[in-house]
There are 2 protein chains.
Amino acid sequence: MFYVIGLGLSDEKDITVKGLEAVKRCERVYLESYTSILMVDKERLEAFYEKEVIIATREMVELEADEILRDSDKVDIAFLVVGDPLGATTHTDLLLRARSLQIPTQVIHNASILTALGSTGLQMYNFGQTLSLVFYTETWRPDSWFERLEENLRIGVHTLVLLDIKVREQSEENMARGRLIYEPPRYMNPHQAFSQILLTESLRHPKDPSSSSSDDGEPQIEPKPSLLPPSETLAISLSRIGTPTQKLISGTLEELAQLSEEEFGDPLHSVVIVGKKLHPLEFEYAGRFAVGGEQGGWWKVGKEVYGVERETF
Amino acid sequence: MFYVIGLGLSDEKDITVKGLEAVKRCERVYLESYTSILMVDKERLEAFYEKEVIIATREMVELEADEILRDSDKVDIAFLVVGDPLGATTHTDLLLRARSLQIPTQVIHNASILTALGSTGLQMYNFGQTLSLVFYTETWRPDSWFERLEENLRIGVHTLVLLDIKVREQSEENMARGRLIYEPPRYMNPHQAFSQILLTESLRHPKDPSSSSSDDGEPQIEPKPSLLPPSETLAISLSRIGTPTQKLISGTLEELAQLSEEEFGDPLHSVVIVGKKLHPLEFEYAGRFAVGGEQGGWWKVGKEVYGVERETF
């Protein structure tokens, strides 16, 4: 049997009882290491499982799938994934490959950021499509996510934005020289995420229309109003969700962008852009961790721009 | 400590190791029994936990929250929820109540239908807002979900449709007479769900425009074309997801509506309406369980209407 087992979000004990029993039966145990991370290291998992854990890099999963699957028609093999195992395309791929080789497979589900974001108090039902934000560089700022965000905002639903993770990244120089030396892992902080979101918003919806106009005498096209005005859009940062040091901060985009990296702390992080269908109970719950407390922009904008009334408990 | 603990989707062993350790420490253990069900009964949970399990009805949670929370500032109390604990508003409510009483709380996450629907092969990232479909009666057919579905279809994202569950329901007669006699629990089957979806679609977008026109000489307004033509819309049924008897069926809405209740089998069920942003890998994966196999409408409509090309493995 080829098991694909979710590990949940925090540490070695977030595996399900069923998942742990399966791991204990397995001859080889792989840990997918490039789409997410736990708060504990491989050694702690090995001690808990009493098994060796093999780190599976992206290259290994994409190029050596048959080695991972080897003998799983005869013995049990586990492929461990942080969160729920079917969040990322790559693992669907591996399951399709297994099935084409007539290997029996079993998926053992677990919590993922997509369920744990209930911790914000926002209802999972009210979320639209999920976005991924990659690290911008001076020359590379892929922003096709912005259209998807606008689609969500237009219909008033919330948006989960997943933040980039770079592991086993090579510098351009090392890559050019063919040296297999990797940079330290990088995890995007909400500080950077909010900056990138504001940057893209300002480029797409310049405040001063003349800055984007041309001087060729063409008639000016009135720019469309932004769906994401920074002082009138609510957002929430989610740090280390599902772990004992979990931290949530809610506020306007403008307020959150002014917080330092240290305010959010260690990875992993993600952020949520709040849609206009905000419900009073969602508003109340997420307001408990508002920047500036009772005087914060969360309450003012929620009431005046989103039109939500507070509930009392 | 007041623990709110997710149980996952199938049986007693889908609880996490951390969740189980917490339950073992608790003085009282409640099981929320009205938003979802496990495939095993209370007795099996009690045997596994070596604890008594108290069934928490909707009335108890909504009206007697303080009794559930009693003493949880001094001893450990567990509130168990099938799936992930923060999927339904009611539990957010309970946590807010606990916090207003200065009771420390901890949420232990788990898999929910929202992550497990990765089993369809559809990417969770590509889902829009989630809908709930309630049992229609002769006189009561609430269909505000249809607008939300159209919002999703317009931007091409997939839609998860959760199906109604009726537990501890009273007949009108028993309610009128004040008799606390409850009807057997009912769980909506995809057969009924697809029928209701087609019914609402046909009422909103009559095929024969004359059937909805008035004879008062007013100029006819051309009806908007349906975003959900039954023979050109792909859908998937999800039955007992995350359990050993899990069953998925994909096809056109028209094909799926023709299947009998028995084809889908026992509860719980949900259904997915597939959006136009369908990716080739999603198409391929979900096609493995298409009605009619290789000759089914899934492949024809996916190619001709959704414009997706097949991948090979």
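Residues numbered from 1 in each chain as written. Chains lettered and ligands numbered in written order. Predicted model: local features only at pLDDT ≥ 70, side-chain atom pairs only at ≥ 80, totals over all residues. Heavy atoms only, no water.

The name recorded for chain A in an unreviewed UniProt entry is diphthine methyl ester synthase, from Kwoniella mangroviensis CBS 10435. Of the comments in the UniProt record for chain A, the one headed Function (unreviewed entry) reads "S-adenosyl-L-methionine-dependent methyltransferase that catalyzes four methylations of the modified target histidine residue in translation elongation factor 2 (EF-2), to form an intermediate called diphthine methyl ester. The four successive methylation reactions represent the second step of diphthamide biosynthesis." (UniProt positions renumbered as here; feature names shortened; annotations may be inferred.)

Considering the overall build of chain A
Along the backbone of chain A there are 13 helices and twelve strands. Taking the principal axes of its C-alpha atoms as reference, chain A extends roughly 70 × 55 × 35 Å. Taking all 313 residues of chain A together, the buried fraction comes to 55%. Counting only carbon and sulfur atoms, one obtains 50% of the accessible surface of chain A, whose full area is about 14100 Å². Looking at chain A, you have 32 positive and 50 negative side-chain charges, and the mean spots of the two groups are 4 Å apart. (Helix = DSSP H or I, 4+ residues; strand = E, 2+ residues; numbered from the N terminus. Buried < 20%, exposed > 50% of the residue type's maximum accessible area, 1.4 Å probe, protein only. Areas by Shrake-Rupley, 256 points an atom, 1.4 Å probe, with all protein chains shown as cover. Lys, Arg positive; Asp, Glu negative; His and termini not counted. Charge placed at Lys NZ, Arg CZ, Asp CG, Glu CD.)

Things to note about the sheet that holds strand β5 (residues 105-108) of chain B
Residue and element names in this part refer to chain B. The strand order across the open sheet formed by five strands is β3-β2-β4-β1-β5, and the pairing between neighbours is parallel. Whereas interior strands pair on both sides, the edge strands pair on one side only; in this sheet they are β3 (54-56) and β5. The mean angle between the axes of side-by-side strands here comes to 25 degrees, regardless of whether they run parallel or antiparallel. Of the pairings in the sheet, the one linking strand β2 (residues 28-32) to β3 comprises three bridges and is parallel in character. Note that in β3 the partner of Leu 31 across the bridge is Ile 55. (Pairing = 2+ DSSP bridges. Axes fitted to C-alpha atoms, helices over the stretch in contact; angles between N-to-C directions.)

What to know about the UniProt feature "binding site: S-adenosyl-L-methionine" (unreviewed entry) in chain A
Residue and element names in this part refer to chain A. Feature annotation in UniProt assigns "binding site: S-adenosyl-L-methionine" (unreviewed entry) to the following positions: Leu 9, Asp 84, Gly 87, Ser 112, Ile 113 and Leu 163. Its place among the elements puts Ile 113 in helix α6 (residues 113-116). With relative accessibility at 19%, the residue Ile 113 sits in the buried group. Look past the residues within four positions of Ile 113 in its chain and what remains in contact with it is Leu 9, Leu 160, Leu 162, Leu 238, Ile 241 and Ser 270. Topologically, Leu 163 is positioned in strand β7 (residues 159-163). Contacts of Leu 163, omitting those with residues within four sequence positions, involve Leu 133, Met 188, Asn 189, Pro 190, Ala 193, His 269, Ser 270 and Val 271. (Contact = heavy atoms within 4.5 Å.)

Here we look at the relation of the copies chain B and chain A
When chain B is fitted to chain A, the residual RMSD is 0.0 Å, and the transformation amounts to a turn of 180 degrees plus an axial shift of 0.0 Å. The operation mapping one copy onto its partner corresponds to a two-fold rotation axis. A shared binding surface is used by both copies, with 100% of the interface residues of chain B retained as interface residues in chain A. (Least-squares fit on C-alpha atoms with pLDDT ≥ 70 in both.)

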